[in-house]
Amino acid sequence: MKTPVKATRSRISFSIRMTPLIDVIFLLMIFFVMTIRFQPPEGVLENRLPEKGGQGITDQQTDWEVVRLKVKLVPEGKSLKIMLQERTVYSYEALLEYLNLLPDEILIVIEPEPKVPYKQVIGVFNTCIKSNKNNVVFAVAG
Amino acid sequence: MRAFKKRPWASLVVNMTPLIDVVFLIIIFFIMMINFSDLLARKITLPTADEAREMSSPTEVTVTIKSDTLVFVGRDRVALPNLAEALARKIADPRKCTVHLRGDENLPYTMVQKVMEHVARSGVSRIAFTTRREPVPPLGED
């Protein structure tokens, strides 16, 4: 008598070829590494505005000495000049030297011309803070 | 003795190539469908200030200025004449809020000044100029 043959389940060899997958992953990695651009660190320069949109501090309302920094574009070039009370300076370094001679308890009014680039206004404000002059306001038109 | 019939081993190889093809096709489809216009509209170059402090204001609203026609409160584009109203709607308590001003470094100051006036009109008195925390380039150097 013939003995019944037991049906065996076929064994499956399961193999994934990793080489093309790794190739593609490396290609993607190289692409992202080459195109990545890190966000530069950001910070803030804090300032106060007149409450309820009022006219702000005027020379008559404060007992502090008021120093006006008039920031103007030099007509012939992209350069700027910062007109101080007694003299005119053309660099942040010169402005810092001037501000360092003044007492800390003063009110600085930055008066930029309308066309002066924002970065230069921030540069002047930054110089004021560098010289520990924290009472800085921006002049409004009119 | 029982004799078991041995079946030949079935070899199953998973071909990854069509899978990767389809995945790439789907990735390309989604990349093409993403709407970058909003992101690009708010992409600006911030001015630099090495005295900028880390952002620490608890309640803040960001106003982004790219040009006179591209002003955003958060992610929403607003017309400049309606900026004060848009801010007033968004801010529950203006006394506790700080508005972060993100302006492109090449904006004329007059544009920033107008925005500051609108911020003041909305009742907010604390403003923070967002900058890159990097050394300020010398005046006239672009």
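These numbers were taken from a predicted model, which means no experiment stands behind them.

Trainee: In this structure, what is going on with the sheet that holds strand 4 (residues 76-78) of chain B? I would like to understand it.
Mentor: Note on sheets: strands pair through backbone hydrogen bonds, and any given pair is parallel or antiparallel. One open sheet holds the six strands; their spatial order is 2(A)-6(B)-5(B)-2(B)-3(B)-4(B), and the pairing between them is mixed. What marks the edges here is a single partner per strand, and that holds for strand 2 (42-48) of chain A together with strand 4 of chain B. Direction aside, the axes of adjacent strands within the sheet are offset by 30° on average. Pairing analysis gives three bridges linking strand 3 (residues 70-73) of chain B to strand 4 of chain B, with the strands arranged antiparallel.

Trainee: What's the story with the pairing of strand 5 (residues 98-103) of chain B in this structure? I'm lost.
Mentor: Working note: regular strand, side chains alternate between the two faces of the sheet. All names here are of chain B. Of all six residues that make up strand 5, five are buried, and the element is covered over most of its length. Bridge count between strand 2 (residues 60-67) and strand 5: six bridges; the pairing is parallel. From the neighbouring strand, Glu60 faces strand 5, where its bridge partner is Thr98. Two elements, strand 5 and strand 6 (residues 126-132), share four bridges in a ladder whose sense is parallel. Within strand 6, the position partnered with Thr98 by the bridge is Arg126.

Trainee: In this structure, what is going on with the confidence of the model for chain A? I would like to understand it.
Mentor: Close inspection of predicted coordinates is inappropriate for parts of the model with low pLDDT. On average, chain A scores 77 in pLDDT, and the residues at 70 or more come to 74%. Taken element by element, chain A is modelled with least confidence in strand 1 (residues 12-16) of chain A, mean pLDDT 70, and with most confidence in helix 3 (residues 118-130) of chain A, mean pLDDT 91.

Reading guide: rules and limits
Residues numbered from 1 in each chain as written. Chains lettered and ligands numbered in written order. Predicted model: local features only at pLDDT ≥ 70, side-chain atom pairs only at ≥ 80, totals over all residues. Pairing = 2+ DSSP bridges. Helix = DSSP H or I, 4+ residues; strand = E, 2+ residues; numbered from the N terminus. Axes fitted to C-alpha atoms, helices over the stretch in contact; angles between N-to-C directions. Buried ≥ 20, exposed ≤ 12 C-beta atoms within 10 Å, placed from the backbone. pLDDT = per-residue confidence, 0-100.

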